[in-house]
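Residue-level structural notes
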Protein chains: 2
Amino acid sequence: MEGLRDRTRRAVRAELAGRALELFAERGFDETTVDDIARAAGMSKRSFFRYFPTKEDVVFGEIETMGEQVAQEIAARPPQEEPWQCLHAVLRGWESRINAQADAMRLVESTPALRTRLLQKRDEARTRIIQALADRGMPPLEADLAAAAAGAALDAVAREWLRTGGSIDRLTLVDRAFTMLRPAFLG
Amino acid sequence: MEGLRDRTRRAVRAELAGRALELFAERGFDETTVDDIARAAGMSKRSFFRYFPTKEDVVFGEIETMGEQVAQEIAARPPQEEPWQCLHAVLRGWESRINAQADAMRLVESTPALRTRLLQKRDEARTRIIQALADRGMPPLEADLAAAAAGAALDAVAREWLRTGGSIDRLTLVDRAFTMLRPAFLG
DNA sequence: GCCATCTGTGGCACTCGGTGTCATATTTGG
DNA sequence: CCAAATATGACACCGAGTGCCACAGATGGC
């Protein structure tokens, strides 16, 4: 079970993240120092780094373990399901979750340092996904291509959604992108 | 024409890059300070930053303006050529150029900070490529997908090449990956 | 209630990447 | 030969991140 220890730790992390996002929204990411955040949450800079490894990470709360989670969800799917179909189904769920924190994503997109960190996270996630697909028996080269293409699909959807001013349902766009790429992964 | 000014500047950059790579090979990237590099090239840390914006950039000499160059090469292709075919042709050429500095790439792959910087560069390049494809009349969503898929192809090829221990010709792998993805971009 | 222990914390000093400033060579052009 | 542009070095400075240590508070056994 989850002990008191972990619960307070999660609470402090949430407090820090909350204060940080407030300050970022007010002054911007670069204009806010770690010391500012720590003081706003009533602690020292040194303690901040006991909860988050870097200043950037304070923004990526839930997305943090995305790679691991996606890999598990892939592994949990029926084994005979087509790999591309499987990816489609799993990432469809994630689209909603990412969509839920649109404001955080806007901040990320407008801040080079955060954008970079996001690229890193995605790269890690992609690596895990490749492994998960390989575990289902997909040949390595195809697994690489499929994982990257799927990531590209989500990315393209996000941009297309911005381009159209949010007038189209994101899940519809996801389905369209995956369908478009489907012919490449039929066997 | 190219004045003396630019030539000496290029020479100093080359000198710095050379010394830096030596030191990185000896001690590793993180264990080498910018001051070490500057001193090895007979100058001050302050001057180093007059030639390279960051410590990482000293490694990416020729790749630096990749995005811009690729975009231009795309624009220079016959206008009626199929977009995917066009991408294939252009990036086929780049594969050779990247392949030529395999040792630098090995350093990059084994150094998180450099790997991150590479991800950034690729992201910039992708943005330019999307624009170049859009200029040819490709619909935005498809251009996004195509650019990302093409990048994925080169990436997948690099990894597959490592997996097979370099026994297969890289250009062959590139062709295979592009052919595999081709059905997704036919119309 | 007492003591040993473990964990969280603050403070401090330190490293290193990166920037602004200024004073001083060095080069360039007339 | 002189004046303006440019390159450089030295210095101070900032902020992210780390190692260290001393101290507080909670925990648990006796």
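Since this is a predicted model, take the numbers as computed values, not measurements.

Criteria and thresholds
Residues numbered from 1 in each chain as written. Chains lettered and ligands numbered in written order. Predicted model: local features only at pLDDT ≥ 70, side-chain atom pairs only at ≥ 80, totals over all residues. Heavy atoms only, no water. Domains from an automatic or database assignment. Contact = heavy atoms within 4.5 Å. Buried area = accessible area lost by both parts, 1.4 Å probe. Salt bridge = Lys/Arg side-chain N within 4 Å of Asp/Glu carboxyl O. Near = heavy atom within 4 Å. Polar contact = N/O pair within 3.5 Å; in protein donor to acceptor, adjacent residues only side chain to side chain. Helix = DSSP H or I, 4+ residues; strand = E, 2+ residues; numbered from the N terminus. Nonpolar A, V, L, I, M, F, W, Y, C, P; charged D, E, K, R; others polar. Least-squares fit on C-alpha atoms with pLDDT ≥ 70 in both.

It is worth spelling out the domain arrangement of chain A at this point. Residue and element names in this part refer to chain A. Domain annotation of chain A identifies domain 1 (4–54) and domain 2 (63–185). Here domain 1 and domain 2 have C-alpha centroids that lie 29 Å from each other. Taken together, the contact pairs five residues of domain 1 with six residues of domain 2. Together, the buried faces of domain 1 and domain 2 total about 460 Å²; carbon and sulfur atoms form 67% of this surface. Between the two partners, domain 1 and domain 2, sit zero salt bridges.

Before going further, it helps to spend a moment on the protein's contact with DNA strand C. Of all residues adjacent to DNA strand C, which total 20 residues, the nearest are Ser47(A), Arg50(A), Tyr51(A), Arg46(B) and Lys55(B). The sugar-phosphate portion of DNA strand C accounts for 51% of its atoms within 4 Å of the protein, the bases making up the rest. Arg50(A) places a side-chain nitrogen or oxygen 2.8 Å from a base oxygen of DNA strand C. A distance of 2.8 Å separates a phosphate oxygen of DNA strand C from a polar backbone atom of Lys55(B). Broken down by secondary-structure element, the contributors of at least two residues to the surface near DNA strand C are helix 3 (45–51) of chain A together with helix 1 (4–27) and helix 3 (45–51) of chain B. The residue inventory of the surface near DNA strand C, partitioned by class, reads five nonpolar, six polar and nine charged.

Okay, the interface of chain B and chain A next. Contact residues are listed per partner, giving 28 residues for chain B and 28 residues for chain A. Contact between chain B and chain A buries roughly 2500 Å² in total, counting both sides, with carbon and sulfur atoms accounting for 68%. Counting the surface chain B buries against chain A, the share from its top three residues, Leu141(B), Leu145(B) and Met180(B), is 25%. Applying the counting criterion to the chain B and chain A interface returns eight salt bridges.

Attention now moves to the relation of the copies chain B and chain A. Structural alignment of chain B on chain A gives an RMSD of 0.1 Å, achieved by rotating through 180° and translating 0.0 Å along the axis. Those values place the two copies in the arrangement expected of a two-fold rotation axis. Mapped onto chain A, 100% of the interface residues of chain B are again interface residues, and the two copies thus contact each other with one and the same surface.

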